Each structure stands twice: as C-alpha cells, then as structure tokens.
Amino acid sequence: MRMRLRYLLLLVGCALSLYVLLILSQRNAGDQRRSTSPHRDKGDKLRSKLVAKEDDAVGDTPVGEERTNDLPDDPQDIEESPPRSKKDHAGGKLPRGKLSELGPRHIPKTGVTCVPRENITFIKVHKTGSSTVQNIFLRYGDKHNLQFVLPPRGHHLGYPNYFETRHMLHNEKDSYNIFCHHTRFSTTISHVMPPNTYYITIVRDPVKVFESAFTYFKMDYRLGMTGDPEALQKFLKDAHTIYEDQTNKVHLKNTMLYDLGVPMAEYDSEAAVKTSIKTFQKRYRLVMVAEYFEESLVLLRDLLCWSTEDVVVFKLNTRKDDSIVPLSEDVKSQIRMWNKGDVLLYEHFNRTIQRKIEEYGKERMAQEVALLKRKTDELYARCIESDHADKEHGEFRVWQPFGVHINAFVLKPERKGDKECERMIIPEIQFTKELRKKQYPDLKEPEENLKARKGNSRRRIPPR
C-alpha cells in the first residue's frame, strides 16, 4: 500500500513539474517575440520619434486620394495628387533605413578632423543645375560602393507624383545611403533613409527656372501653340485662365515649390508658402543656390566632410544659346508675379546663403572657390576636348526634347575609356542604368521588357 502511495505521489510530482516547465517556456517565447518586435527595437523607437517629429513639423504633405500606379516616361500628363499615409506600399509595411555599415574615413583638412557623411538625400529641382550636383553624389556613391535608392526603370522615382516606396527597387537589407533622383518630396523619404541623413537641395532665380522649363518641356506644344516663338509671352498675358484650363499643370507655375512637395492648392497663399519655407529651413542642412554655385559647392564639401576633388564637377545638360529664349524686363517681371511662391522661396534662401558666406569669411571663401576652380580646370584640361558639341558628336547619347539643343561633351582621344573622365560627363540616364546593374546584378532591365509589351508604353510595378 505504501509503495503504491509513493508511486502515485511521484507521478503527481512529475506532472506538476512538466506543467510548470510548459508555462515558463510559453512565457519566455512571448518575451522573445516582444523583444524582437520592431516596436521594441531601440533603433526603430528612435526612428519612430524622428519620423513623428518630422510629420508634426511638415504641413506640406497631406494625406489624400489614391494615385495611379503608372510610372510615366515623361511627366506631361499626370495631375496633382497628394501623398498617401506612411504605409503606402503593398502590405502596409515600410522599409527601415539603416545607418551605413562602412567605417569612417579620415580626410585631412587644415586643423579639422571629421567623419565623411555617407547618408544623403538630395532633392533634385528641375532647371536649377540639379543634374550637375547629382553627378557629384552619383560619382561619390559609386566610388565608395554606397547603396542608392534607384527606380525600377528610367531615372525618375515616381515623378511627377509624390514619392512612395513602390517607386523604388528594394535591396535585401532595405538599407540605403544616397537618394538623389528626380522625385516629388514626401515624408515617406524619411522612412526609407537613415535617421542621420543629411537633406540637401538647390534653388535658382525663378525667372531662369520658368523660361528653362517652358522651353525644355515644350509648353508651346502642351498649350496648343506649337512652334510659336511668342508662346511664353502669350501665356503670361492670360496666365491664370490658361493655367486653370490645363489638366496637367506641372512646370507651368512654381516649379521649385512643386518639386519640394508644396501642394498646388497652396501656391497663392503667401502664409502657406512661408510656412513651407520655415519647414525647409529646418529640414535641409544646405539649400544650394545656382547663382552662388561654387560657393555652394564649398559649403557642401565642408558640410559632408568630403575633399575638394569629391565636389569637382562639370556643368551638365546645358542648352545651346539658340535654345534659350531672350526675355525683356517686362516679361521677367510678369514671370516673377506669376511665380510668387518660387520668388519667396528663392529670396529666402538667397539671403540664407549670403549669410552663410559672410559667416564663412569672404576672404576664406574666395580662396576655397579659387582652389575648386583650379582643380576643375586641371581635370577639364586633362579630359575634355569640347563641351559644346552637337548631340550626334557627343561622347554619350544626350537626351534632348525636339527643337531643344543640348551641349554634349567630347573626350580627348587619349582619355576615351578613362573611367574618371567618363564619370564626369556621363548623363544621368546612362549612369543610373549602370548603377542599377551594379546594385542589382540579377535584375533584368525593365526597358527590355517594355519593348515586348504591345500597345502600352507604361508598365505597372507589381506589389512587393
């Protein structure tokens, strides 16, 4: 009897022990799931705070209606469309940008030791010289094997739509260093890029921007005035009526505000534009100014802790003189009145960069600009035979709209095949294609697929 009782007690004890072990294992599993949750990750918590702060500060990217999935070859027939919420791509999960895994590098500078910046967002603004600046970032990232945010095809990240993650290719880690292709700014970019990313952009005299955009994007054709040499002047005489009649208003007013993400509905509100400018002042570490181009490059170099050689650049995508429309002072005044928002933007950052130059020291700045020009001239003399050749004689195939003539570069015979020289003049479209092959070697170029598609020059990007 006693033996049976002992045996029964032993069985009960074993059962209780197994039960306790089962409960503890379930609790540990739950703790492990919670500890590996994105919401528990310290990096993600920091990023969430930064994103929330960014969203609170930005009043220029409202949640709005659904947009088309079409990625256009040319932004000539896409309407204004506000960005959606943060969870804008298939599955509702946003990629997490991570800090660069590359170690710091030392660049010797007089009295200064710093760590080069590798996480950069450059918002290209049409007709401001942004393709020239972009070449700096493309070369630097290519040289140091950094990860770019790249489009699945072409060279636009969803433009003229607000940027969404469906407009980009995703690498295995969803980790990126440089964002520098044409897009329309949205705060989704801050979810893709690391928290320590430096934001940079460029502005230019609104009169020059408007004339350049009107000519380059063939507004005469869009407005039914094809080939009319007075098309720009005729538009300005009745700008409001003609503008309101257009389904596609891109590049017809405040091009710079548009690219920086300001909704068209706010163009005529001075208070709203000034609020956006305050946001830009906080968001961008540097707003370059085309009229102070070399000074802007010096400031960019020091901001990023790069070398002077890193920011040497040749001016790309420039028009020949016969493709530039001469403007009277009266027409210039009309352009400023029509593009009041861009004028406010430009005047603010023109004052800002003049102040930065003053703080830098005019004499010191002059010395640094002279150094930059000397190094630029030396590389030009080593590489370039001509910088104003016709398209068919250029080193690379330069895209140009019908009736608009773009200057092309010709390398010296002995420099053909010289990678450094070629990288200085390669157009954005070709450079982007090469980077896409380098970064995604197994990706078949969508352009090849497009040729096989019948009856449709656009394609939809499948959900990721």
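Because the structure is predicted, anything quoted here is derived from the model rather than measured. (Residues numbered from 1 in each chain as written. Predicted model: local features only at pLDDT ≥ 70, side-chain atom pairs only at ≥ 80, totals over all residues. Heavy atoms only, no water.)

Draft legend 1. Looking closely at the overall build of the protein chain. Across its full length, the protein chain carries 17 helices and 6 strands. Accessible surface, the protein chain: about 24,100 Å² in total, of which carbon and sulfur atoms supply 53%. (Helix = DSSP H or I, 4+ residues; strand = E, 2+ residues; numbered from the N terminus. Areas by Shrake-Rupley, 256 points an atom, 1.4 Å probe, with all protein chains shown as cover.)

Draft legend 2. Just the pairing of strand 1 (residues 120-123), in detail. Every second residue of strand 1 is oriented toward a common face, with Ile-120 and Phe-122 on one face and Thr-121 and Ile-123 on the other, all of them buried. Bridge analysis of strand 1 against strand 2 (residues 178-179) gives 2 bridges, and the strand direction is parallel. Directly across from Thr-121, in strand 2, lies its bridge partner Phe-179. Following the chain from strand 1 across helix 3 (residues 130-143) to the adjacent parallel strand 2, one finds a crossover that is right-handed. Judged from the 4 bridges that link them, strand 1 and strand 3 (residues 198-203) form a sheet pairing that is parallel. If you follow Ile-123 over to strand 3, its bridge partner there is Thr-201. (Buried < 20%, exposed > 50% of the residue type's maximum accessible area, 1.4 Å probe, protein only. Pairing = 2+ DSSP bridges. Right-handed = clockwise from strand over helix to strand, strands pointing away.)

Draft legend 3. Structural view of the sheet that holds strand 3. A sheet is described by the order of its strands in space; here 4 strands give the open sequence 2-1-3-4, paired in parallel fashion. Two strands bound the open sheet, and with one partner strand each, they are strand 2 and strand 4 (286-289). Helix 3 contacts strand 1, strand 2, strand 3 and strand 4 of the sheet and is inclined by roughly 160 degrees relative to strand 1. (Contact = heavy atoms within 4.5 Å. Axes fitted to C-alpha atoms, helices over the stretch in contact; angles between N-to-C directions.)

Draft legend 4. Focus on the packing of helix 10 (residues 270-283) against helix 13 (residues 340-360). Remark: helix 10 packs on helix 13, axes separated minimally by 10 Å, with the N-to-C direction vectors making an angle of 35 degrees. When you trace helix 10 past helix 13, the crossing you get is right-handed. Across from Glu-270, Val-273, Lys-274, Ile-277, Phe-280 and Gln-281 in helix 10, the residues of helix 13 making contact are Gly-341, Leu-344, Leu-345, His-348, Phe-349 and Thr-352. Looking at the contact of helix 10 with helix 13 residue by residue, the classes come out as 6 nonpolar, 4 polar and 2 charged. (Left-handed = near helix turned anticlockwise from the far one by under 90°. Nonpolar A, V, L, I, M, F, W, Y, C, P; charged D, E, K, R; others polar.)

Draft legend 5. Quick look at the nonpolar core. In this structure, Phe-137, Ile-200, Phe-235, Leu-300 and Leu-345 are the most contacted members of the largest nonpolar core, which totals 100 residues. Residues contacting Leu-345, with those up to four places away along its chain left out, are Val-203, Met-256, Leu-257, Leu-260, Ile-277 and Phe-280. (Core = buried A, V, L, I, M, F, W, Y, C linked by side-chain atoms within 4.5 Å.)

Draft legend 6. Local environment of the pattern of salt bridges. One pass over the structure, following the stated rule, counts 20 salt bridges. One salt bridge in this structure joins Glu-428 and Lys-124, with 2.9 Å as the shortest N-O distance. One end of the pair, Glu-428, is in helix 16 (residues 428-439); the other, Lys-124, is in the loop between strand 1 and helix 3, with 304 residues separating them in the sequence. A relative accessible area of 13% places Glu-428 in the buried class. For Lys-124, a relative accessible area of 1% puts it in the buried group. One salt bridge connects Asp-220 with Lys-218, and the closest N-O pair in it is separated by 4.0 Å. Residue Asp-220 is classed as buried on the basis of its relative accessible area of 11%. Each of Asp-142, Arg-423, Glu-434 and Lys-438 takes part in salt bridges that share partners, so that together they form one network. (Salt bridge = Lys/Arg side-chain N within 4 Å of Asp/Glu carboxyl O.)

Draft legend 7. View of helix 16. Here helix 16 spans 16 Å end to end across 12 residues, near enough to the 16 Å set by a 1.5 Å rise per residue. Within helix 16 the residues assigned to the buried category are Glu-428, Phe-431, Thr-432, Leu-435, Arg-436 and Gln-439. Seen along its axis, helix 16 keeps its buried residues to an arc of 140 degrees; they face one direction. (Expected span 1.5 Å × (residues − 1). Arc of directions from axis to C-beta.)

Draft legend 8. Up close: the state of the cysteines. Tallying each qualifying case throughout the model produces 2 disulfides. At a sulfur-sulfur separation of 1.7 Å, the disulfide partner of Cys-114 is Cys-305. For the disulfide bridge between Cys-114 and Cys-305, the dihedral angle about the S-S bond is near 85 degrees, and by the sign convention the bridge is right-handed. Of this pair, Cys-114 sits in the loop between helix 2 (42-57) and strand 1 while Cys-305 is found in the loop between helix 11 (293-304) and helix 12 (329-338), placing the two residues 191 residues apart along the sequence. By relative accessible area, which is 3% here, Cys-305 ends up buried. Disulfide pairing places Cys-383 opposite Cys-421 at an S-S distance of 2.0 Å. Between Cys-383 and Cys-421 the disulfide shows an S-S torsion of about -65 degrees. By sign, it is left-handed. Taken as a pair, Cys-383 in helix 14 (residues 362-383) and Cys-421 in helix 15 (residues 419-425) lie far apart in primary sequence, 38 residues in all. In this pair, the class of Cys-383 matches that of Cys-421, namely buried. (Disulfide = S-S within 2.5 Å.)

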